[in-house]
Amino acid sequence: TIKRSLDGLQPLQPVIDLARDKPEFTQTFWGYMEPRISDQRIAGGQVKLAENAKVLAEVEGQHGVAAEVLMAFWGLETNYGGYMGDFPVIQALATLAWDERRSAFFRAELLNALKIVDAGHIWPEGMIGSWAGAMGHFQFLPSTFLAHATDHDGDGRADIWNNYPDAFASAANFLQHSGWKAGQPWGFEVTVPASFPWEESGADNRQPVSRWQALGVRLAQGGGDLPYQSEKGALLLPAGWKGPAFVVLPNFFTTLRWNNSHLYAISVGHLADRIAGKGPFKAQRPAVEERMTREEVKEIQTLLNKLGYDSGEPDGKVGPMTRGALKRYQLAAGFPADAYPTKEILASLRQAAG
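Below: a short report on this structure. Every value quoted in this text rests on a predicted model; they were computed, and no experiment measured them. (Residues numbered from 1 in each chain as written. Predicted model: local features only at pLDDT ≥ 70, side-chain atom pairs only at ≥ 80, totals over all residues. Heavy atoms only, no water.)

**A short note on the overall build of the chain**
(1) Moving on: When its secondary structure is counted, the chain shows 16 helices and seven strands.
(2) Moving on: For 354 residues, the compact-globule estimate of 2.2 N^0.38 gives 20 Å, and the chain sits close to it at 22 Å.
(3) Moving on: Dimensions along the principal axes, computed over C-alpha positions, put the chain at roughly 65 × 45 × 35 Å.
(4) Moving on: Expressed as a percentage of its 354 residues, the buried residues of the chain come to 51%. (Helix = DSSP H or I, 4+ residues; strand = E, 2+ residues; numbered from the N terminus. Rg over C-alpha atoms; globule rule 2.2 N^0.38 Å. Buried < 20%, exposed > 50% of the residue type's maximum accessible area, 1.4 Å probe, protein only.)

Take a look at the structure:
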């Protein structure tokens, strides 16, 4: 296995380049959603769901994950198998293990990939995936494969590259073991009254849905009462208090274990809803969207730290520490405390910091 997998390997420069590439701008909510939830992708998911209805029903019966949910993950990860990456995974992982920045992580993933080859699931030549080592229809890292890959058709191999039943069952197995609640949605779009205490928004404040109902939050579609009122959920404002709002339930947080991005988790849930025949978002994309650069976000983080609001190491990424610090500053400065970075907030921080 080692000889066949590693002999003659050289670093892949495109992998190093991609690992170091950082986008200049942060993504807006609508800029993220619209290319991912296209009419073509919705229709493609509905076709794939119909084509694989029998095996998807089997998988749902075993793991409790609805067919449209699996189609949504599949559509977002690889466009239903249309693009699963074109990098040799072992060479890519060896390159990243050799690179100094995250060598320990990728060295472990390289050894996991060798275990997969050694167990006979696939030859190294067939282990093709992304530049970062994610592979197959659902883009599993080797560690995820070893923990959750499933031989659904009983042929002795868990083939997430070429075998739909194995790929579907492996994805569902991962979600089931991550805490997926069968029969529950990810969440739902809502309307929020102007009197809402904006500081209560955010993923870190999970309350019984009845709490949001009592604060005047209602379903965006039709304006009715919120469902699942005894379940705990959070109220998210992914584009700030002026943008769309969502009450998100436990399955949203399970999706974060797949990809720790709020926008990704909303896109999975909404694509699943659309594949199942539900309508688009009620909120409309504004004519002009404000885009923040990574450098502007870093400056916000730096100024928050200077003013005593600990946002962690400035890195241009809006994570939990940054959102918490920003919310505290907004409360103190008289802004709606939605934890959303804007140029207006940046100007206020510059003035406050002198």
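Here the narrative resumes.
**Comments concerning the sheet that holds strand β7 (residues 245-248)**
(1) Moving on: With respect to topology, five strands assemble into an open sheet ordered β4-β6-β7-β3-β5, the strand pairing being antiparallel. Bordering the open sheet on either side are β4 (207-208) and β5 (218-219), each of which pairs with just one other strand.
(2) Moving on: By the bridge criterion, two bridges tie strand β3 (residues 187-191) to β5 in an arrangement that is antiparallel. Among the inter-strand pairings, Thr 191 is bridged to a residue of β5, identified as Arg 218. (Pairing = 2+ DSSP bridges.)

**Notes on the pattern of salt bridges**
(1) Moving on: Applying the stated criterion across every chain, the model contains 15 salt bridges.
(2) Moving on: As a salt-bridge pair, Arg 20 and Asp 99 come within 2.8 Å of each other at their nearest N and O atoms. Taken together, the residues span a long stretch of sequence, with Arg 20 in helix α2 (residues 13-20) and Asp 99 in the loop between α7 (89-98) and α8 (103-118) at a distance of 79 residues.
(3) Moving on: For Arg 20, a relative accessible area of 47% gives the class partly exposed.
(4) Moving on: According to the relative accessible area criterion, Asp 99 is buried, its value standing at 7%.
(5) Moving on: In this structure, Arg 218 engages Asp 225 in a salt bridge whose closest nitrogen and oxygen atoms are separated by 3.7 Å.
(6) Moving on: What emerges from the salt-bridge pattern is a single network uniting Arg 20, Asp 99 and Arg 101. (Salt bridge = Lys/Arg side-chain N within 4 Å of Asp/Glu carboxyl O.)

**Describing the pairing of β3**
(1) Moving on: Of all five residues in β3, four are buried; the element is thus mostly enclosed.
(2) Moving on: Bridge count between β3 and β7: four bridges; the pairing is antiparallel. Counterpart to Phe 188 in the pairing with β7 is Val 247.

**Observations concerning the packing of aromatic side chains**
Aromatic ring pairs are reported here in terms of the distance separating the ring centres and the angle at which the planes meet.
(1) Moving on: Evaluation of the coordinates by the stated rule reveals 25 aromatic pairs.
(2) Moving on: Summarising the aromatic geometry, the rings of Phe 196 and Trp 198 are spaced 5.5 Å apart at their centres and angled 65° between planes, so their arrangement reads as edge-to-face. Here the two residues Phe 196 and Trp 198 agree in accessibility, since each one is buried.
(3) Moving on: Feature note: the residues Phe 73, Trp 74, Tyr 80, Phe 138, Phe 140, Tyr 164, Phe 168, Phe 174, Trp 258 and Tyr 264 constitute an aromatic cluster, connected by ring pairs.
(4) Moving on: The ring of Trp 123 carries the charged tip of Arg 4 above its face, separated from the ring centre by 3.8 Å.
(5) Moving on: When the ring centre of Phe 253 is taken as origin, the NZ or CZ atom of Arg 206, which lies over that ring, is 3.5 Å away. (Phe/Tyr/Trp six-rings, centres within 6.5 Å; stacked < 30°, edge-to-face > 60°. Lys NZ or Arg CZ within 6 Å of the ring centre and 35° of its normal.)

**Quick look at the side chain of Arg 41**
(1) Moving on: Inspection of the secondary structure assignment puts Arg 41 in helix α4 (residues 39-51).
(2) Moving on: In this structure, Arg 41 is buried with no salt-bridge partner, the nearest side chain bearing the opposite charge being Glu 77 at 10 Å.
(3) Moving on: Excluding residues that lie within four positions of it along the chain, Arg 41 makes contacts with Pro 35, Arg 36, Gly 75, Leu 76, Asn 79, Tyr 80 and Leu 271. (Lys, Arg positive; Asp, Glu negative; His and termini not counted. Contact = heavy atoms within 4.5 Å.)

**Regarding the packing of helix α6 (residues 67-78) against helix α10 (residues 164-177)**
(1) Moving on: Between α6 and α10, the shortest axis-to-axis distance is 11 Å and the interhelical angle comes to 105°. One element, α6, and the other, α10, form an angle in the roughly perpendicular class. Each of Leu 70, Met 71, Phe 73 and Trp 74 in α6 lies in contact with α10, whose residues at this interface are Tyr 164, Phe 168, Ala 171, Ala 172 and Leu 175.
(2) Moving on: Taken together, the residues that form the contact of α6 with α10 break down as nine nonpolar, no polar and no charged. (Axes fitted to C-alpha atoms, helices over the stretch in contact; angles between N-to-C directions. Parallel < 35°, antiparallel > 145°, perpendicular 65-115°, else oblique. Nonpolar A, V, L, I, M, F, W, Y, C, P; charged D, E, K, R; others polar.)

**So, the side chain of Asp 159**
(1) Moving on: Position of Asp 159 among the secondary structure elements: in the loop between α9 (142-148) and α10.
(2) Moving on: Among the polar contacts made by the side chain of Asp 159, one reaches the main-chain amide nitrogen of Trp 161 at a distance of 3.0 Å.
(3) Moving on: A polar atom in the side chain of Asp 159 sits 3.0 Å from the backbone nitrogen of Asn 162. (Polar contact = N/O pair within 3.5 Å; in protein donor to acceptor, adjacent residues only side chain to side chain.)

Nothing here speaks to function; it is geometry throughout.
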